[in-house]
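Single-letter residue listing:
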Amino acid sequence: MSATLVAVVLSLFSAVAYAAAAVAQERLAAKSAGTGLLRLLGDGAWWWSVTLNAAAALLHVAALKYGPLTLVQPLGALTLVAAVPLGARVAGRRVSAVEWRGTALTLIGLAALLVTTSGPAPDDILSVPQALGVAAATAVVIGGLSRPGARPGLRHASASGFASGVASALTQTVTVAATDRSGPLLSVEVVVVALLVAAFATGGLLLSQTAYRGGLGAPLAVVTLANPVAAAAIGLSLLGERLQYGAVGVLLAATGAAVAAWGVVTLSRWAPDPVVTDEHPVAAVLALEPGSAAYEPALVPRQPARRTRRHLTRL
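Calculation rules
Residues numbered from 1 in each chain as written. Predicted model: local features only at pLDDT ≥ 70, side-chain atom pairs only at ≥ 80, totals over all residues. Heavy atoms only, no water. Helix = DSSP H or I, 4+ residues; strand = E, 2+ residues; numbered from the N terminus. Buried < 20%, exposed > 50% of the residue type's maximum accessible area, 1.4 Å probe, protein only. Polar contact = N/O pair within 3.5 Å; in protein donor to acceptor, adjacent residues only side chain to side chain. Contact = heavy atoms within 4.5 Å. Core = buried A, V, L, I, M, F, W, Y, C linked by side-chain atoms within 4.5 Å. Axes fitted to C-alpha atoms, helices over the stretch in contact; angles between N-to-C directions. Parallel < 35°, antiparallel > 145°, perpendicular 65-115°, else oblique. Left-handed = near helix turned anticlockwise from the far one by under 90°. Nonpolar A, V, L, I, M, F, W, Y, C, P; charged D, E, K, R; others polar. pLDDT = per-residue confidence, 0-100. Patch = residues over 30% accessible without salt bridge, like charges linked within 9 Å, V, L, I, M, F, W, Y side chains within 5 Å. Areas by Shrake-Rupley, 256 points an atom, 1.4 Å probe, with all protein chains shown as cover. Salt bridge = Lys/Arg side-chain N within 4 Å of Asp/Glu carboxyl O. Expected span 1.5 Å × (residues − 1).

All right, on to the side chain of Glu-99 then. On the secondary structure map, Glu-99 appears in helix α6 (residues 97–117). For Glu-99, a relative accessible area of 3% puts it in the buried group. Here Arg-93 takes part through its side chain, which lies 3.0 Å from a polar atom of the side chain of Glu-99. Within the local environment of Glu-99, its side chain forms a polar contact with the backbone nitrogen of Ser-96, the two atoms lying 2.8 Å apart.

Another aspect to go through is the environment of Val-166. Mapping Val-166 onto the fold places it in helix α8 (residues 152–178). Those residues within four positions of Val-166 in sequence are excluded, and the remaining contacts are Val-134, Thr-138, Phe-200, Ala-230 and Ile-234.

Residues Val-166, Leu-170 and Phe-200 are the most contacted members of the largest nonpolar core, which totals 52 residues. Looking at this core element by element, the count peaks at eight residues for α8. Among the nonpolar cores identified, the runner-up in size contains six residues, and Leu-154, Ala-218, Val-222 and Val-223 belong to it.

Contact pair helix α5 (residues 78–91) / α6: the axes reach a minimum separation of 10 Å and the direction vectors enclose 155 degrees. The angle between α5 and α6 places the two elements in the roughly antiparallel class. Seen from above, α5 lies across α6 with left-handed handedness. Judged by residue contacts, Leu-78, Val-81 and Val-84 of α5 engage Glu-99, Thr-103, Thr-106, Leu-107 and Leu-110 from α6. Broken down by class, the residue content of the contact of α5 with α6 amounts to five nonpolar, two polar and one charged.

Take the confidence of the model for the protein chain next. Looking at the protein chain as a whole, its pLDDT mean stands at 78, while 77% of the residues score no less than 70. Within the protein chain, the lowest mean pLDDT, 39, falls on strand β2 (residues 311–312), and the highest, 94, falls on helix α7 (residues 128–145). Across residues 273–302, confidence stays below pLDDT 50; counting only partners more than four residues off in sequence or on other chains, it has 56 contacts. Low pLDDT, under 50, characterises residues 305–315; the stretch is placed with 21 contacts to residues that sit more than four places away or in other chains.

Next up on the list: unusual backbone geometry. The phi torsion at Tyr-245 lies on the positive side, around 70 degrees, for a residue other than glycine. Judged by relative accessible area, Tyr-245 falls into the exposed class, the value being 54%.

On to the environment of Val-95. Mapped onto the elements, Val-95 comes out in the loop between α5 and α6. In this structure, the C-alpha to C-alpha distance between Val-95 and Pro-85, residues 10 residues apart in sequence, is 6.4 Å. Each residue touching Val-95, except ones within four places of it in the same chain, is listed here: Val-84, Pro-85, Ala-88 and Trp-100.

Let us look at the packing of α7 against helix α9 (residues 188–211). For any two helices packed against each other, one specifies the inter-axial angle together with the distance between the axes. The contact between α7 and α9 brings their axes to 10 Å, and the two run at 20 degrees. Overall, the two elements α7 and α9 adopt an arrangement that is roughly parallel. As for how α7 packs across α9, the hand of that crossing is left-handed. Here Val-128, Ala-131, Leu-132, Ala-135, Thr-138, Ala-139 and Ile-142 of α7 lie close against α9, whose contacting residues are Glu-189, Val-192, Val-193, Leu-196, Phe-200 and Leu-207. Grouping the amino acids of the contact of α7 with α9 by side-chain chemistry returns 11 nonpolar, one polar and one charged.

All right, on to a nonpolar patch on the surface then. On the surface, Val-115, Tyr-245, Val-248 and Leu-252 cluster together into a nonpolar patch covering about 390 Å² of accessible area. Within the element layout of this structure, Tyr-245 appears in the loop between α10 (217–238) and α11 (246–269).

End to end, α6 covers 30 Å across 21 residues, agreeing with the expected 30 Å (1.5 Å per residue, within 8%). Among all positions in α6, only Glu-99, Gly-102, Thr-103, Leu-105, Thr-106, Gly-109, Leu-110, Ala-112, Leu-113, Thr-116 and Thr-117 are buried.

Over its 14 residues, α5 runs 20 Å from end to end, which matches the ideal 20 Å to within 8%, given 1.5 Å per residue. Of all 14 residues that make up α5, 10 are buried, and the element is covered over most of its length. Turning to α5, its buried residues are Leu-78, Thr-79, Leu-80, Val-81, Ala-82, Ala-83, Val-84, Gly-87, Ala-88 and Val-90.

So, about the side chain of Thr-106. Structurally, Thr-106 is set in helix α6. Polar contacts involving the side chain of Thr-106 include one to the main-chain amide nitrogen of Val-264, which spans 3.4 Å. Residues in contact with Thr-106, not counting those within four places in the same chain, are Ala-77, Val-81, Val-259, Ala-260, Gly-263, Val-264 and Leu-267.

Shown next, in the form of structure tokens:
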């Protein structure tokens, strides 16, 4: 099995796990709106969503060992593709025609990117000064996006995407350096970059949790688009990654990226109002029997039910 195929398969499983975690986080965020981080830390459902994210992250790390950033990171859009049927299943509705169209566009665009970004397993790594420079620049961007202001959900989603994309780029450096038999397993470079990975991965997770409080569609789409942009920029500018087939490859990759982005935006446009129930969020996502998970009371008083209209979520 080629390195490219291994990277694609691992990325597919990672995307499904991330999608399940995102749907669980969105349901939990809707139940716990207005509560602090300490309350979430005491909620078992939140820790289950963290476990799903951790499993997805491990699969993603493995994929980064076999494929370049320009290949692995765009495949993260499969998270949104997988979240569509999962979210519909949990909400007890059918996947809409708009969602099917967005799914098709995303898959077509990713197929075009797959042709141009396929390549050998990565072997270049970031130096410590490069890693620190990337971390500092990203911290400034995240700080600016996290300031109080209008549309906090989309800004936090952008910050989460950038943090996760940089964490992936740094993770690839750790993975390649740690598995390089010519040097020590725990060199200073590996330890420093690993600490940066932990910081950005944790920051991305917490930022996504706050972003999903207003719904899953638009924030998840922004995270999905911002993540590969950040990672691909690092891969192309600092790690020597290149697209195949010269100018034709660049044109095909640009077209594929545009089509995939169109699909992601389409998937995020139609978003039904979140339905909050007392059912365990992760049990619902994993399609368990209603009695198979422990009951957890809502973290805020339940409000009287009222009828709301479906709405379009704009980016």
